[in-house]
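# Observations on the model geometry
Residue strings, one per chain:
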Amino acid sequence: MKMEFTIKHTWDGLPVSHEPVTIGLKSNNAGLLMEVNAPFFNNPPAPLGEPGKPFSRLWDYEVVEAFFLSDRTEQYLEVELCPHGQHLLLLLSGKRRIWKEELPLEFEVTRMKTKWEGKAHLPWNYFPPCTNKFNAFAIHGSGEERKYEALYPVPRHELQEGQKPDFHRLEFFKDLNLKGLMGEDWKQPESDIWKSLTN
């Protein structure tokens, strides 16, 4: 079983002007395997961090991001993957409230001239209890030409004048049915990491 998502719009609902980014999710022994297929813009240039290691403020570079949310608690896992091999994983409790970051990740990248593929092994331990919502984003380009794209964009009628892209609009995330992926009898494994937040 595999779920596939395609990022066809900018954050504010316009169609993207290139081959869209796709994200696949499939069951992996101890979590989810997240597979990214994306155009490689090489803009902005690579971060100066070691490939395969966490890199702070990776959102300032070329990235594909996935957010896994429990809407009841507003707890979420944010996964940022860069075509140059760096990654950034954040755990948030409440909108934009980071309480853990730079978690280790097994992440492989295959980069070609104009596209890249990434595979990230996300352990269940990183997912907040009752994960049930999802959104995904892609960012590339520099300065005025920076592009922000979203799987589930802000609906056009909700846009305010002068509004800036904001990936933490949790109210626009949509359902993620993990049982559909894992099987009806599946229960999300408990997470020691998230447990430590509540105790």
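Look a little higher up for the structure.
Let me sum up the structure you'll find in this document. As the structure is a computational prediction, the values presented were derived from the model and not from experiment.

One pass over the full model with this rule turns up 11 salt bridges. The residue Asp-166 makes a salt bridge to Arg-96 at a minimum N-O spacing of 2.5 Å. Residue Asp-166 is found in the loop between strand E12 (147–150) and strand E13 (174–175), and its partner Arg-96 is found in the loop between strand E7 (87–93) and strand E8 (98–101); the two are separated by 70 residues along the sequence. Between Lys-195 and Glu-190 there is a salt bridge, with the nearest N and O atoms lying 2.6 Å from each other. Classification of Glu-190 by relative accessible area gives exposed; the value is 62%. Via salt bridges that share partners, Lys-2, Glu-4, Lys-26 and Glu-35 belong to a single interconnected network.

To continue, consider the pairing of strand E11 (residues 133–140). Burial runs high along E11: eight of the eight residues are buried. Covered by surrounding structure in E11 are Lys-133, Asn-135, Phe-137 and Ile-139 together with Phe-134, Ala-136, Ala-138 and His-140, the residues of both alternating faces. Here E11 runs beside E13; their pairing, made up of two bridges, is antiparallel. Residue pairing across strands places Phe-134 opposite Lys-174, the latter belonging to E13. Direction of pairing for E11 relative to E12: antiparallel, over a ladder of four bridges.

Here the focus is the layout of surface pockets. Put simply, the largest pocket is a space of about 330 Å³. Forming the walls of the largest pocket are 18 residues, and the residues nearest its centre are Trp-59, Glu-65, Glu-78, Phe-167 and His-168. Put simply, the parts of the chain that give the lining of the largest pocket at least two residues each are strand E5 (63–70), strand E6 (75–81) and E7. Considering only residue class, the lining of the largest pocket consists of nine nonpolar, one polar and eight charged. Empty space within the second largest pocket amounts to approximately 250 Å³. Around the second largest pocket, the lining comprises 14 residues; the ones closest to its centre are Pro-129, Cys-130, Thr-131, Trp-186 and Gln-188. Looking at the lining of the second largest pocket residue by residue, the class counts come to six nonpolar, five polar and three charged.

Once that is clear, we can look at the packing of aromatic side chains. Summed over the entire model, instances satisfying the criterion amount to 12 aromatic pairs. For the ring pair Phe-67 and Phe-137, a centre distance of 5.1 Å and an interplane angle of 80° mean the geometry is edge-to-face. Here Phe-67 is found in strand E5, whereas its partner Phe-137 is found in strand E11, with 70 residues between them in sequence. Each member of the pair, Phe-67 as well as Phe-137, is classed as buried. Ring plane angle 10° and centroid distance 3.9 Å describe the contact between Phe-137 and Phe-167, whose orientation is recorded as stacked. Of this pair, Phe-137 sits in strand E11 while Phe-167 sits in the loop between E12 and E13, placing them 30 residues apart in sequence. Exposure remark for Phe-167: the relative accessible area of 10% places this residue in the buried category. Ring pairs connect the aromatic residues Phe-5, Phe-68, Trp-124, Phe-127, Phe-134 and Trp-186, which therefore count as one cluster.

Let us now look at the sheet that holds strand E10 (residues 115–123). An order of E1-E3-E4-E10-E9 is seen for the five strands of this open sheet, with the pairing classed as antiparallel. Strands at the two margins of the open sheet, each flanked by one partner only, are strand E1 (2–7) and strand E9 (106–111). On average, each strand axis in the sheet is inclined to that of its neighbour by 15°, with strand direction left out of account. Relative to strand E3 (residues 21–28), E1 runs antiparallel, the two being bridged by six bridges. Following the sheet pairing, Glu-4 is matched in E3 by Gly-24.

Within the fold, Lys-133 resides in strand E11. You can call Lys-133 buried: its relative accessible area is 17%. In this structure Lys-133 touches Phe-67, Phe-68, Leu-69, Asp-71, Phe-173, Lys-174, Asp-175 and Leu-176, once residues within four positions along its chain are discounted.

Conventions used here
Residues numbered from 1 in each chain as written. Predicted model: local features only at pLDDT ≥ 70, side-chain atom pairs only at ≥ 80, totals over all residues. Heavy atoms only, no water. Salt bridge = Lys/Arg side-chain N within 4 Å of Asp/Glu carboxyl O. Helix = DSSP H or I, 4+ residues; strand = E, 2+ residues; numbered from the N terminus. Buried < 20%, exposed > 50% of the residue type's maximum accessible area, 1.4 Å probe, protein only. Pairing = 2+ DSSP bridges. 1 Å grid on protein atoms, 1.4 Å probe; cavity = no way out; pocket = protein on both sides within 12 Å on 5 of 7 lines; lining within 4 Å. Points joined across faces, edges and corners; volume = space filled by probe spheres on them. Nonpolar A, V, L, I, M, F, W, Y, C, P; charged D, E, K, R; others polar. Phe/Tyr/Trp six-rings, centres within 6.5 Å; stacked < 30°, edge-to-face > 60°. Axes fitted to C-alpha atoms, helices over the stretch in contact; angles between N-to-C directions. Contact = heavy atoms within 4.5 Å.

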